Each structure stands twice: as C-alpha cells, then as structure tokens.
Amino acid sequence: MEERGRLPWRWAVSGALAGAANGLFGAGGGMILVPLLLRWVKVEEKAAFACSIAVILPLCLVSAAVYWARGALDLAQALPYLLGGLLGGFLGGRLFRRVPATLLRRAFALFLLYGGVRNLL
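Below is a short write-up of the structure. (Residues numbered from 1 in each chain as written. Predicted model: local features only at pLDDT ≥ 70, side-chain atom pairs only at ≥ 80, totals over all residues. Heavy atoms only, no water.)

### Details of unusual backbone geometry
Moving on, step 1. Of note, Lys42 is a non-glycine position whose phi angle comes to about 65 degrees, a positive value.
Moving on, step 2. Mapped onto the secondary structure, Lys42 falls in the loop between α2 (29-40) and α3 (45-69). (Helix = DSSP H or I, 4+ residues; strand = E, 2+ residues; numbered from the N terminus.)

### Observations concerning the packing of α3 against helix α5 (residues 101-120)
Moving on, step 1. At a minimum axis distance of 9 Å, the contact between α3 and α5 shows a crossing angle of 55 degrees. In terms of axis orientation, α3 runs oblique to α5. Seen from above, α3 lies across α5 with left-handed handedness. Packed against α3, whose contacting residues are Glu45, Lys46 and Phe49, the element α5 presents Ala101, Leu104, Arg105 and Phe108 at the interface. (Axes fitted to C-alpha atoms, helices over the stretch in contact; angles between N-to-C directions. Parallel < 35°, antiparallel > 145°, perpendicular 65-115°, else oblique. Left-handed = near helix turned anticlockwise from the far one by under 90°. Contact = heavy atoms within 4.5 Å.)

### So, the packing of helix α1 (residues 9-25) against α2
When two helices pack together, you describe them by how their axes are tilted relative to each other and by the distance separating the axes.
Moving on, step 1. Contact geometry for α1 and α2: axes closest at 7 Å, N-to-C directions at 160 degrees. One finds that α1 runs roughly antiparallel with respect to α2. For the element pair α1 and α2, the recorded crossing hand is right-handed. Two secondary-structure elements touch here, α1 through Trp9, Arg10, Val13, Ser14, Gly15, Leu17, Ala18, Ala21 and Asn22 and α2 through Gly29, Ile32, Leu33, Leu36 and Trp40.
Moving on, step 2. When its residues are assigned to classes, the contact of α1 with α2 shows 9 nonpolar, 4 polar and 1 charged. (Nonpolar A, V, L, I, M, F, W, Y, C, P; charged D, E, K, R; others polar.)

In structure tokens, the structure reads:
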C-alpha cells in the first residue's frame, strides 16, 4: 500500500469504476467496488463493505442529480423506496458488526449471482 496521506491510484480507479456503474445502471457501484477493494486494493473484508457504503452515498447523489437534471427522475415515485431503503440501511448498519465476514461475503456473492442471472434472463 502506498504511504499514508496519499491517495493510492488504485482507490481512485476503483471509485471511478463504481461511479460509472452507478451512473450507467442506476445502481451497482458497490458490486463493482467491493471486489476491487478486496482483491485489487487489498482492503480487509469488513472495511471494504463499510467503505463501499460510504462511497455509494455520494455516487448515488451525483447520479440522482444528473438523472433529475435530465428529467429522468420522478422524486414522488422514488420516495417510498427511499423510505424503505433508509429503514433497511439503518437495520443493516446496526447488524453489520454482529455478522461474520464469511457470512457477509457469501450473502454478497448470492446477491451478485442473483442479479447476474436476472439480467441474463
């Protein structure tokens, strides 16, 4: 890892790829970022999941602003999902410390597999 205080270029590239996925697909930045942080940047598992969550919020805000500015975002339609997402995010964040990293990794892999199969069909 590069010296402390400097932003490693791999972090920036990983963030850019996550942002591009988020902007193109409306989601999925975390699905790109977590594997990159784990394998390419060599971040510890739980730290990779937590870092991904911290990065996704600003990515989602920027993506939502672009969609809104182009007239592609109906805030009234999104509100129920936002409220449910806030509750789910709160509960997931509370449970995060109690869930073993192995279980997080397996659950994440199942979500990736499910999403991949759904997109192929």
